[in-house]
Every structure is written in C-alpha cells, then in structure tokens.
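Next come the chains, spelled out residue by residue.
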Number of protein chains: 4
Amino acid sequence: MGGTMDGTKQQRRGNTRQRIQDVALALFAEQGYEKTSLREIAERLDVTKAALYYHFKTKEEIIVSLFEDLTQPIQDLIEWGRGQPHTLETKQEIVRRYSRALSHAEPLFRFMQENQATVRELRIGDSFKDRMRCLRDILLDPDAELVDQVRSVSALFTLHAGMFLLQDLDGDVEKKRAAVLEVALDQVTQAHEHAHR
Amino acid sequence: MGGTMDGTKQQRRGNTRQRIQDVALALFAEQGYEKTSLREIAERLDVTKAALYYHFKTKEEIIVSLFEDLTQPIQDLIEWGRGQPHTLETKQEIVRRYSRALSHAEPLFRFMQENQATVRELRIGDSFKDRMRCLRDILLDPDAELVDQVRSVSALFTLHAGMFLLQDLDGDVEKKRAAVLEVALDQVTQAHEHAHR
Amino acid sequence: MGGTMDGTKQQRRGNTRQRIQDVALALFAEQGYEKTSLREIAERLDVTKAALYYHFKTKEEIIVSLFEDLTQPIQDLIEWGRGQPHTLETKQEIVRRYSRALSHAEPLFRFMQENQATVRELRIGDSFKDRMRCLRDILLDPDAELVDQVRSVSALFTLHAGMFLLQDLDGDVEKKRAAVLEVALDQVTQAHEHAHR
Amino acid sequence: MGGTMDGTKQQRRGNTRQRIQDVALALFAEQGYEKTSLREIAERLDVTKAALYYHFKTKEEIIVSLFEDLTQPIQDLIEWGRGQPHTLETKQEIVRRYSRALSHAEPLFRFMQENQATVRELRIGDSFKDRMRCLRDILLDPDAELVDQVRSVSALFTLHAGMFLLQDLDGDVEKKRAAVLEVALDQVTQAHEHAHR
DNA sequence: GATGAATGAGAATTCATTCAT
DNA sequence: GATGAATGAATTCTCATTCAT
C-alpha cells in the first residue's frame, strides 16, 4: 500500500530531514536564526519538536547541515581554483563560477550575510571565513597595491551583496545578475591589469 | 535648561543613560542584539536591570536611541545631497562624506550590517532602508544602464563592507580606509562617466 | 527447543537480554537510575532503544529483572535462616553467607545503597525492605536491649557499607573483606552474648 | 506599615530564599534530587519557577547552598578535632559531637546518604568525601590493624545509618539515638584499646 | 529480533518586563 | 535615580514510550 509505482515514493516517507532543512532555511533567512524557534519549524511541518531532535542533535546542527550541504559547490570551486595558475582568465572564471554557485544557495547566503553576528558564534563561522579567505587569496596578488587588493575583495563582495541590494530596483532578475557579474568581473580585471603593468 | 554654561554637558549629574548606550552598542555589535541580554548590559555597568528601565522603556528603545543619536550626520548628509545638482562632483563628495560618517559610527554600522535580519523586525529597519534608498537615489542616474547602477550601489557597499572585510589584511587602518574610499570613488566615477558619454 | 545439549546455554541465539542487563547495571550503579537513559544503554550496546523494548516492557522492568535475578541467593539465605534455631552459630553463619552473597551482587547492592531515594519509588523498594527486615529479625532477639539491637543492625550495615567505604583505604581487597566480616561477626557476637547473659 | 512591632517582621518579606531551601531539602530528601523538579518546589511555595532563579542561579546551587549552610558545624568539628591529641577521649568526643551534628542536619544527611549516586556528580560530592576522610583520619591510627580500622570507620557509619535504619524499630527516638551513640562509642573504644595494648 | 520515525510530557533555564519601595 | 523581588512566556533539549515495518 502507498507509494505504488509513481514517483511519489521518495517524497512520502523518509524525506522529513530534507523538509526540516527546507523550512528551517526559509525561516532562518526570513527572521534570523535566534528569532526562529524550533517550535515554529515543527509547527510548519506539522510534526513535534521532538521529531526535529530525531533528525538533528541540536538547533545548531540544522544550520550546520545546511551549510555543509549547500556550500559543497563552493568548496569544489576553491579546490579547482587552487590548481590553476594565477592568470586573469582564472580569476575571471572564479568570479563567474562563484556567481553561479551563490545563486544556487541564495537563501543560505542571504542568511549568512544578514546574521553574521550569529554565524560568528556558530561552528560554521570559521569554516566560512576560511573559505572566503581562500577565495580572496586566489584573486589577490599579495604584492599588489592596497587599492587593487581592495578592488578584488570588493568584487567578491559585490557578488555577495548584489542580489539583495538590488531587490527593490526594478528589472528582470537575470539581467540584474548579469549586471552584477559584469561589475565584479570589471573590478577583478582592473585590479589584475593595474598590478601587472 | 540643564547644562548651564560650565561645560559639564556630557557628564551632567549621572551620565548613566550614556553609559548604557555605550555598553549596549558594544555588546550588540559583538554578539548581536538577541544574544545580548539586559542582564548582561546591567552587569557590565554594575547596576540592576531595573535601572535600565528607568532610562529606557524597552530593550528596543535602547537600540532605537542609538540609531537616532548616531545617524544624525548621515541624515544631514542626505539633506545636503538632496539640495545639490547631480554632478559627478556631488556624487564624489557624497561618497567622501559618507565614508567619514561611517567611520564615526562604525560599531553601529557594523551592528546593522551584521544583524540585518534583526534590524528588519525592529522599528529602525525601515528608517534605515529609507536612508539607504535616498543615498542610492542621489548617486544613481535612473536612466543609466543597469551595469552602471550596480556600480554605484557597489560603491556604497564597498564602503560599508570595507572596514570589516579588510580586517585581517595587514596594513595600517588609515591607509586601508583611504584605499577603500579610492575604490568607491572610482566606481562612482566610472558609473557617472559611462552614463554621461 | 533452545539450549539443546551443546553447552551454548548462556549465549543461546541472541544473548541480548543478558547484555542489556549487564550494561544497565553498570550504568545504574555508576550514574544512578534516573541519570541513566535508555538511549545511553542502547548506544553502549550498539542497538536501538526500540530493541530494549523488545526485551523489557519498561525501564523499571530492567532494574526489577536485575533485582530478581541477582538477589535469589539472598532470598535462599533468608529461607534457610528461617528454619534454623536462633543460636549464635546460626547468626554468625547468616553474617558469613550474607557477606558472600553481597560480594557476588556487589554492583546491584551498591546501586541500591546509593539510590535509596529512587529505589523507594520503584516496585523493588518494598521487596528489598522486606528482605532486610527478615534478615534483621533473624539476627535480632526482639526482647534484647536496644543497644544490642543496634549492634545487630550495625553488623548488617557494616557489611553493606564495607566495600565502598574502604575503597580508598590501601590494602588487598580480600583482606579488607575479611576484616569487614570479622567486625560484623564481632558485633553480632557481642549482641548475642550480652543478651543471653 | 507592615511588620509592626511584633516578631513577624523577618518572616514577611525577604525570607523567600530560606523558604526555598526548606522546601527543596524536604523534597530532595523525600523523592531524591533528580525526581524533584523546580516546578514542584515553586508550586509548593506558591511562586513561579523564575522566582527560584532569582535566588539561585541553578538547581545545583540550591543543594550546594544547603550543604554549605548545614554542614558548618561539622566543618567546625573537624577543625577542632585536628587540634586535639589522638587520645581515646578525643575520639570519643568526636563521635559524640558528630552524633549531635548529624541529628541537626538530619534531612540533609539522609538526602546525601540516599542519593550518593547523584551527590557524586554534584560539586558537593568532593567536599563531602573530603570531610569524611578528615574525620576518618582523626579516628584512625594509621598503623592499627585493618580490623581496627574497619571498626573505626564502622563507628562513623553506624552513626550515619543509625537514624534511618532504625526508623521502623519501635521505641523512643531519643533512646534510639542514645543506643546508636553507645554502639559507635564502643566500636571506637575497642579499636583504640586493641591498637594501644 | 530489531529498526526508523515519531510523540507527548516535562525538564532546566533565560528573558524582557513590572512595580512597590 | 535606582533596587529587590517577582512574573509569564518562551526556549532548547531530553526522556520513556509506541508502533508500523
């Protein structure tokens, strides 16, 4: 009984963990981590609080699991970037791929962006900082002028902030994303060329 | 009334209100608004929680008062900007003054930056968004290309993020600030020139 | 069925019940009954909590089963004692046998000793008290002086407490046990002789 | 207003802390520490749980405060004992005074006796063990035979156990206490004389 | 013989807030 | 200008227990 041969099999039972993650991320991103109680998450899923604890040992583990699951592409990107030469092309490709990676894990990144104070206290804080530092170090020429270093970092940050900052600007989402990417590429290019003149 | 002409203005009889604000801001910026309890603030000041309530009606009022007291310069800047023509010089001056204003109220801005999720729920959320929008509208040419709009917004954001992002880059604080300012000016200039060609 | 003649008696197919009892007793004795959760027991055995419920209907049933399995020798001792005349020899033999019985079920008795408050609420509480009373009544001459009654009870208690109290006294375990036994015998003897003078 | 000139002044307000201690001790002794919830204590006092937290930072602090307040006499006794020569008279006096001290803090000691597993995990566990060791070391001749050492320790334990063990023996409480004391004195005397022959 | 998933009850603790003094 | 005492509502988390599979 149940499941039959249609595709509902995998969404019937055994998807609770996934559902918890989805709802939690939505609420964390909307209201912040501290303001979101487990009661609220449980209610939205129509399960008991204790059910959450069956799947995650603590509240923190929920956010940690989200972070780990959703930032894998960025981890991969860093791995890839490390193996490449520090050419302009590499840098541009990093920026392009990062832009794409961000857009996939958007709610998570909005959450991290908007809850830095919280994130700092959580275990993910450090992993996240590490990754940002790695990316930065790939984009940066350590002996470039300070101004160009700022330009590189600013590129990353423009990507980060882009989506959220432009929300109330009118225009098509895809176009805005493209514009943000272009500005970031520009900054990275300026920084690189200036440094290698 | 009060203050007389003797210069005791800022210490008056009992500067507790001020001290509460200072400690609260430090803690809010460090740990976030929700994670900072009134107990903690009171303990640091060596007064009771009830004493806080003599000076502020609610916890929110503390942060609101900080916001109002510390963002006056930015309010003034917006006022000034609105009266100016939309020339490149104006835009550059806005960026310069904004950079200076930010550096004065740094902890508050770090707090707002890092606790957006919280801020959104608080009364200050809207005032803050309004002001950001105003600044943006001064820097922006509404009919500029999207890319240039992004560049302008990115300038603001670079300023905002600058201080925090560059913390673990070595180098003198003042120099870093100057570099950040230069990048921001650059972006605004590019945006403007591109649009007015 | 089961057991056959091959000597596998104690490991049969699946000795889980026994393993649960062992682990539970160890944990109960170490941390107390309330502080030991079924989760902990299950984890140590590398089974699920639900598996425990296959073997025992409730948590209490685990401790009850331990009590019943491990105190059989004492039950027997009481039975035996009741059929004997109230001579000094009988009393001394009771003390000797009791000492031996205790040393076999040591962890259980330590548990009962150290968790009296808990035991009192459990079903075993009364059985235990009954048995202690029986033993006492065999050792006691009801019309002896109060002091001698105390001496008899104290003998029992010295045995009980002996092991644990002397833990941090240096010396060989067997010797300490013998010394404890000697003191207990002494008390019982004094009580008896004093009463029958 | 309030208090007038009768003696009710000090029981009106400001005795809550004391009342919490009283009720808590009664419940801890009756049901054990873990089985007694703060809700229960609060309900008996007709205050909220939060009120308990105004007076004690944690549940553990309640029991710690009881321990510290009620065992002062024993602490004093140890101090006194240390300054005395190791004569039989000293030892007997220790036993006498200890008996008296115990009878004052009876519920606490019953609690500690019956919740050793719990006590061991709490901070008081060690202080308590230390004190017992001190007392033991005053009563003990370190080079006495093992049997006599057991006898000394058994004396202490007889005192401890006395009250509780004899509860269901009929007879006047004071008389029972006297009998227990006599047995304990006897043991200490035997141990001493045997050792100094 | 056992698991995976869940529940309902309850625990300790924390918080912003109030108010008589 | 401030305190001491308290509250009510919420929070995270744990536990014994159940049951379909």
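Residues numbered from 1 in each chain as written. Chains lettered and ligands numbered in written order. Predicted model: local features only at pLDDT ≥ 70, side-chain atom pairs only at ≥ 80, totals over all residues. Heavy atoms only, no water.

- Where an unreviewed UniProt entry is consulted, chain A appears under the name TetR/AcrR family transcriptional regulator, with the organism given as Streptomyces misionensis.

1. As for the interface of chain C and chain D
- The interface of chain C with chain D comprises 40 residues on the first partner and 40 residues on the second.
- Buried surface at the junction of chain C and chain D, summed over both partners, amounts to about 3,500 Å²; 60% is from carbon and sulfur atoms.
- At the junction of chain C with chain D, the criterion picks out six salt bridges.
- On the surface where chain C and chain D come into contact, there are 13 residue pairs in polar contact (both at pLDDT 80 or more).
- For the side of chain C that touches chain D, the secondary structure elements donating two or more residues are α1 (16-31), α7 (106-114), α8 (116-121), α9 (124-139), α10 (146-165) and α11 (173-195) of chain C.
- Here the side of chain C that touches chain D takes eleven residues from α10 of chain C, the largest share from any one element.
- Of the residues that constitute the side of chain C that touches chain D, the class distribution is 15 nonpolar, ten polar and 15 charged. (Contact = heavy atoms within 4.5 Å. Buried area = accessible area lost by both parts, 1.4 Å probe. Salt bridge = Lys/Arg side-chain N within 4 Å of Asp/Glu carboxyl O. Polar contact = N/O pair within 3.5 Å; in protein donor to acceptor, adjacent residues only side chain to side chain. Helix = DSSP H or I, 4+ residues; strand = E, 2+ residues; numbered from the N terminus. Nonpolar A, V, L, I, M, F, W, Y, C, P; charged D, E, K, R; others polar.)

2. Comments concerning the interface of chain B and chain A
- Facing 40 residues of chain B, the contacting portion of chain A comprises 40 residues.
- Interface area, chain B with chain A, both sides summed: about 3,600 Å², of which 60% is carbon and sulfur.
- Across the contact surface, chain B and chain A share six salt bridges.
- Between R120 of chain B and E114 of chain A there is a salt bridge, with the nearest N and O atoms lying 2.0 Å from each other.
- On the surface where chain B and chain A come into contact, there are 13 residue pairs in polar contact (both at pLDDT 80 or more).
- Among the secondary structure elements, those contributing two or more residues to the side of chain B that touches chain A are α1 (16-31), α7 (106-114), α8 (116-121), α9 (124-139), α10 (146-165) and α11 (173-195) of chain B.
- The element contributing the most residues to the side of chain B that touches chain A is α10 of chain B, with eleven residues.
- Classifying every residue of the side of chain B that touches chain A gives 15 nonpolar, ten polar and 15 charged.

3. A look at the domain arrangement of chain A
All names here are of chain A.
- Taken domain by domain, chain A consists of domain 1 (1-57) and domain 2 (59-195).
- In this complex, domain 1 contributes 15 residues to the contact, which on the side of domain 2 involves 17 residues.
- The junction of domain 1 with domain 2 conceals about 1,500 Å² of combined surface from both sides, 65% of it contributed by carbon and sulfur atoms.
- Summed over the three residues of domain 1 that lose the most area to domain 2, namely L25, A29 and Y33, the buried surface amounts to 42% of that side.
- Between domain 1 and domain 2 we count zero salt bridges in total.
- Our count for the domain 1 to domain 2 interface comes out at seven residue pairs in polar contact (both at pLDDT 80 or more).
- With seven residues, helix α2 (residues 16-31) is the largest single contributor of residues to the side of domain 1 that touches domain 2.
- When the residues that make up the side of domain 1 that touches domain 2 are grouped by side-chain class, the tally is eight nonpolar, four polar and three charged. (Domains from an automatic or database assignment.)

4. Side note on the relation of the copies chain B and chain A
- Mapping chain B onto chain A calls for a rotation angle of 180° and an axial translation of 0.1 Å; the resulting RMSD is 0.2 Å. Between the two chains, the operation in question is that of a two-fold axis.
- When the interface residues of chain B are mapped onto chain A, 100% of them again fall at the interface, so both copies present the same face. (Least-squares fit on C-alpha atoms with pLDDT ≥ 70 in both.)

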